[in-house]
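# Remarks on the overall topology
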Amino acid sequence: MQLFFNPDIQPGTASFTFDKEESRHIVKVLRKKEGDKIHISNGKGYLFTSEVVFANEKKCEVKIIAEEFHEPAPYSLHLAVAPTKMNDRYEWFLEKATEIGITKITPIICEHSERTVFKGDRFEKIIQSAMKQSLQYYMPILNEPVAFNAFVNTHQKGQLFIAHCEETEKRLLKNALEPKKEVTILIGPEGDFSTKEINLALQSNYIPVSLGNTRLRTETAAVVSAHSVAFVNEE
């Protein structure tokens, strides 16, 4: 099954017209014609089955013939990850975390952050593409960047973790996680969190965790964290 995404389709929608870019992809690249089926998600749990009624590469129209709702996962994962020095590494993290399963992403600007420029539109497209490729029906939320201190002070719910590299007492993340919980994990920049930031997180009830015996890049640590949470929640 090939999945398309459009947030504007709501339950009860009878027909829909794709924009020029997607219409061209459907008709010119995929060679869809009248009568062919197309699956669409609105990123809010719904899967719509549609039938092409007008196959034009500038204006592809479909009628909705079925809809079904998929319940969200019994857990949620919010990764607060510092932007990487190279944008392509952050893009890789966004793609892989979306494929694995993630609820929300917040870029956090830390004391040791080397990059504060954020390509929101491009990152959104990468998340959309990964969602469609992995056949998921919920679109992860990508928040605007926020300063580390401000994020920690928002008082997130559920299990709270900070993964850092300082030689202090830490639990293994995989052993600290509980299934079917809201989880928030802080992942720092290449230069790690500052001692001040770590202490602030601890004061806000974040639990210090280790992701293993090796030192991981920011984007790798984020993906490992996402996989650990998904693994604990596998049924």
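### Some points on the pairing of strand β6 (residues 76–81)
Consecutive side chains along a regular strand alternate between the two faces of the sheet. Most of β6 is tucked away: six of the six residues are buried. Neither face of β6 is open: one carries S76, H78 and A80, the other L77, L79 and V81, and all of them are buried. Two strands pair when backbone bridges link them, and β6 and strand β12 (residues 182–187) are joined in this way by six bridges, in the parallel orientation. Bridged to A80 within β12 is L186.

### A word on the packing of aromatic side chains
Per the counting criterion, the structure on display carries seven aromatic pairs. Ring plane angle 20 degrees and centroid distance 5.9 Å describe the contact between Y46 and F48, whose orientation is recorded as stacked. Residue class for F48 comes out buried when judged on its relative accessible area of 0%. Among the aromatic residues, ring-to-ring pairing joins F4, F16 and F18 into one connected group.

### Regarding the sheet that holds strand β1 (residues 3–5)
On the basis of which strands lie adjacent, the open sheet formed by five strands has the order β1-β3-β4-β5-β2 and mixed pairing. One side of each edge strand has no neighbouring strand; the edge strands of this open sheet are β1 and β2 (15–17). Adjacent strand axes in the sheet meet at a mean angle of 40 degrees, parallel and antiparallel pairs treated alike. Sheet analysis places strand β4 (residues 46–54) next to strand β5 (residues 61–69), joined by eight bridges and oriented antiparallel. Looking at the pairing, E51 lines up with K63 of β5. Packing against the sheet, helix α3 (residues 120–133) makes contact with β1 and β3 (37–41), and its axis sits at approximately 150 degrees to β1.

### Focus: helix α7 (residues 218–232)
Under the 1.5 Å per step criterion, the end-to-end length of α7 is 21 Å for 15 residues, consistent within 8% with the ideal 21 Å. Turning to α7, its buried residues number three or more, namely T218, E219, A221, A222, V223, S225, A226, S228, V229 and A230. Buried residues along α7 sit against β6, α2 (87–100), α5 (173–176) and β12.

### Structural notes on the confidence of the model for the protein
The pLDDT averaged across the protein works out to 93; a share of 100% of its residues lies at or above 70. Summarising per-element confidence for the protein, the mean pLDDT is lowest in helix α1 (residues 20–29) (90) and highest in β12 (98).

### Quick word on the pattern of salt bridges
Two side chains carrying opposite charge are able to pair once their charged atoms lie near each other. Counted under the stated rule, the structure contains eleven salt bridges. Taken together, the shared-partner salt bridges in this structure form one network comprising E95, K96 and E99.

### A short note on unusual backbone geometry
Phi angles above zero are rare outside glycine, and R31 is one such case at about 60 degrees. Structurally, R31 can be placed in the loop between α1 and β3.

### Details of α3
Spanning 14 residues, α3 covers 20 Å between terminal C-alpha atoms, matching the ideal 20 Å at 1.5 Å per step. Among all positions in α3, only F123, I126, I127, A130 and M131 are buried. Each buried residue of α3 sits inside an arc of 135 degrees when the element is viewed along its axis, so together they form one side. Opposite the packed face of α3, turned more than 90 degrees from it, sit the exposed residues D121, K125 and Q133. A positive phi of about 55 degrees marks L135, the residue just after α3.

Conventions we followed
- Residues numbered from 1 in each chain as written.
- Predicted model: local features only at pLDDT ≥ 70, side-chain atom pairs only at ≥ 80, totals over all residues.
- Heavy atoms only, no water.
- Buried < 20%, exposed > 50% of the residue type's maximum accessible area, 1.4 Å probe, protein only.
- Helix = DSSP H or I, 4+ residues; strand = E, 2+ residues; numbered from the N terminus.
- Pairing = 2+ DSSP bridges.
- Phe/Tyr/Trp six-rings, centres within 6.5 Å; stacked < 30°, edge-to-face > 60°.
- Axes fitted to C-alpha atoms, helices over the stretch in contact; angles between N-to-C directions.
- Contact = heavy atoms within 4.5 Å.
- Expected span 1.5 Å × (residues − 1).
- pLDDT = per-residue confidence, 0-100.
- Salt bridge = Lys/Arg side-chain N within 4 Å of Asp/Glu carboxyl O.
- Arc of directions from axis to C-beta.

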